[in-house]
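For reference, the chains in residue letters:
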Amino acid sequence: MPPLLGVFAHPDDESLLAGGVLAQHAAAHAPTAVVTMTWAPDSPRAPELANALQALGAGPPRMLGYGDARNPQAAPGRPRLIDAPLDEVVAALVHQIRSFRPDIVVTHDALGQLTGHPDHRRTHQAALLAAQDAGIPHLHPEAGKPWQPHALYFATHPESGVGELGPLLEAVGKDVLAVPDAYATTTVDVTPWLEQKWAAILAHRGEAARERALPGILTRLPEETRRKIIATEFFTRLTTGPLPNARANTHRLTA
């Protein structure tokens, strides 16, 4: 298993969207870590995040401390992630990539997952740029020695994979956004790591207690239904950096 770095907007996104994959890599003794874009390291959600990452084997929290677009208590005095200059956010992620040196980066998809949260979409944009920039020496030289991840995976939901989760979100007034099935290039059955994934979701106690938050929705479901929903993780794979053994082509663009 290659080294893996997750880049997610909020505490609990890592557990819900890629908890199984994170636990899978950690169980194989691959270096595994998570960068969380919003909420301050001294906020109430920080210790919950630490407990969740411990359950997944993903190391200590790496919190960038930006404000949450929808919660002013996330990081008082700090700019919201969606208001911060994009180049500043990208530079912070480049530093994380170059210091951790992952072969794989996992983050949100362009839709911002099923509910289209603006912090998810901003994180997607920043992670996409940072994964490319990290391998180019003249970009962000203050962020450390260049390192090029081999692949970027966007956690996503294909239309055919929404299943019972769609009506559950609609019932609490949330949007349900999904990508065409062809965009889900990688499907991972995480059943062997469900115990760790569920423990990590429950570690976010504040969210598990909220009626409209996904952890709260999941805690109210019968175990069989819940397991069916969280047992599969979907991703879109993007190759980053130069193609290996690629030859210069001066005649035309190729797909």
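Parameters and conventions
Residues numbered from 1 in each chain as written. Predicted model: local features only at pLDDT ≥ 70, side-chain atom pairs only at ≥ 80, totals over all residues. Heavy atoms only, no water. Core = buried A, V, L, I, M, F, W, Y, C linked by side-chain atoms within 4.5 Å. Buried < 20%, exposed > 50% of the residue type's maximum accessible area, 1.4 Å probe, protein only. Helix = DSSP H or I, 4+ residues; strand = E, 2+ residues; numbered from the N terminus. Contact = heavy atoms within 4.5 Å. Salt bridge = Lys/Arg side-chain N within 4 Å of Asp/Glu carboxyl O. Expected span 1.5 Å × (residues − 1). Bend = angle between axes of the 7 residues up to and from the residue. Axes fitted to C-alpha atoms, helices over the stretch in contact; angles between N-to-C directions. Parallel < 35°, antiparallel > 145°, perpendicular 65-115°, else oblique. Nonpolar A, V, L, I, M, F, W, Y, C, P; charged D, E, K, R; others polar. Polar contact = N/O pair within 3.5 Å; in protein donor to acceptor, adjacent residues only side chain to side chain. Phe/Tyr/Trp six-rings, centres within 6.5 Å; stacked < 30°, edge-to-face > 60°. Pairing = 2+ DSSP bridges.

A word on the nonpolar core. In this structure, Val106, Leu218 and Phe235 are the most contacted members of the largest nonpolar core, which totals 43 residues. Counting residues per element, this core draws most heavily on helix α1 (residues 13–27), at 6 residues. For Val106, the contacting residues outside a window of four places in its chain are Leu4, Leu5, Gly6, Val7, Phe8, Ala18, Tyr153 and Phe235. Listed in part, the 24 residues of the second largest apolar core include Val7, Met37, Ile97 and Leu152.

With that settled, the discussion passes to the pattern of salt bridges. Inspection of the entire model under this criterion finds 6 salt bridges. Where Asp12 meets Arg45, a salt bridge forms, and the shortest distance between an N and an O atom there is 3.6 Å. Of this pair, Asp12 sits in the loop between β1 (4–8) and α1 while Arg45 sits in helix α2 (residues 45–56), and the two are 33 residues apart along the sequence. In terms of burial, Asp12 and Arg45 fall into one category: buried. Glu207 is the salt-bridge partner of Arg45, the closest N and O atoms lying 3.8 Å from each other. In this pair, Arg45 is assigned in helix α2 and Glu207 in helix α7 (residues 205–208), connecting sequence segments 162 residues apart.

The end-to-end C-alpha distance of α1, which contains 15 residues, comes to 20 Å, matching closely the 21 Å that a straight helix rising 1.5 Å per residue would cover. Its axis deflected by about 80 degrees at Gly19, α1 carries its strongest bend there. Burial analysis of α1 places 14 of its 15 residues in the buried class, the great majority of the element. Count one or two residues on from α1 and you reach His29, which has phi positive near 65 degrees.

With that out of the way, let us pick up the environment of Met1. Along the chain, Met1 falls in the segment before β1. Each C-alpha atom, one on Met1 and one on Thr32, is 10.0 Å from the other, the two residues being 31 residues apart in sequence. Beyond its immediate stretch of four places on either side in the chain, Met1 contacts Gln24, His25, Ala28 and Ala30.

For the pair α1 and α2, the least separation of the axes is 8 Å and the interaxial angle reads 40 degrees. The angle between α1 and α2 places the two elements in the oblique class. For the pair α1 and α2, the contacting residues are Glu14, Ser15, Gly19, Leu22, Ala23 and Ala26 in the first and Leu49, Ala52, Leu53 and Leu56 in the second. Of the residues contributing to the contact of α1 with α2, the split by class is 7 nonpolar, 2 polar and 1 charged.

Once that is clear, we can look at the side chain of His140. Residue position: His140 is located in the loop between α4 (118–133) and β5 (151–156). There is a polar contact of 3.3 Å between the side chain of His140 and the side chain of Asp133. Dropping the residues within four chain positions of it, His140 is found in contact with Asp87, Val90, Ala91, Val94, Arg98 and Asp133.

So, on to the packing of aromatic side chains. Inspection of the entire model under this criterion finds 1 aromatic pair. Both rings, one in Tyr153 and one in Phe235, keep their centres 6.3 Å apart while their planes meet at 90 degrees; by these two values the pair is edge-to-face. With a gap of 82 residues between them, Tyr153 in strand β5 and Phe235 in strand β7 (residues 232–239) connect regions that are remote in the sequence. The pair formed by Tyr153 and Phe235 is uniform in burial state, with each residue classed as buried.

So, on to the pairing of β5. Side-chain direction in a regular strand flips from residue to residue, so the side chains alternate between the two faces of the sheet. For β5, the tally of buried residues reaches 6 of 6 residues, placing the bulk of the element in the interior. What you see with β5 is no split at all: Ala151, Tyr153 and Ala155 on one side and Leu152, Phe154 and Thr156 on the other are buried throughout. Of the pairings in the sheet, the one linking strand β4 (residues 104–108) to β5 comprises 5 bridges and is parallel in character. Pairing of Ile104 across the sheet is with Ala151, part of β5.

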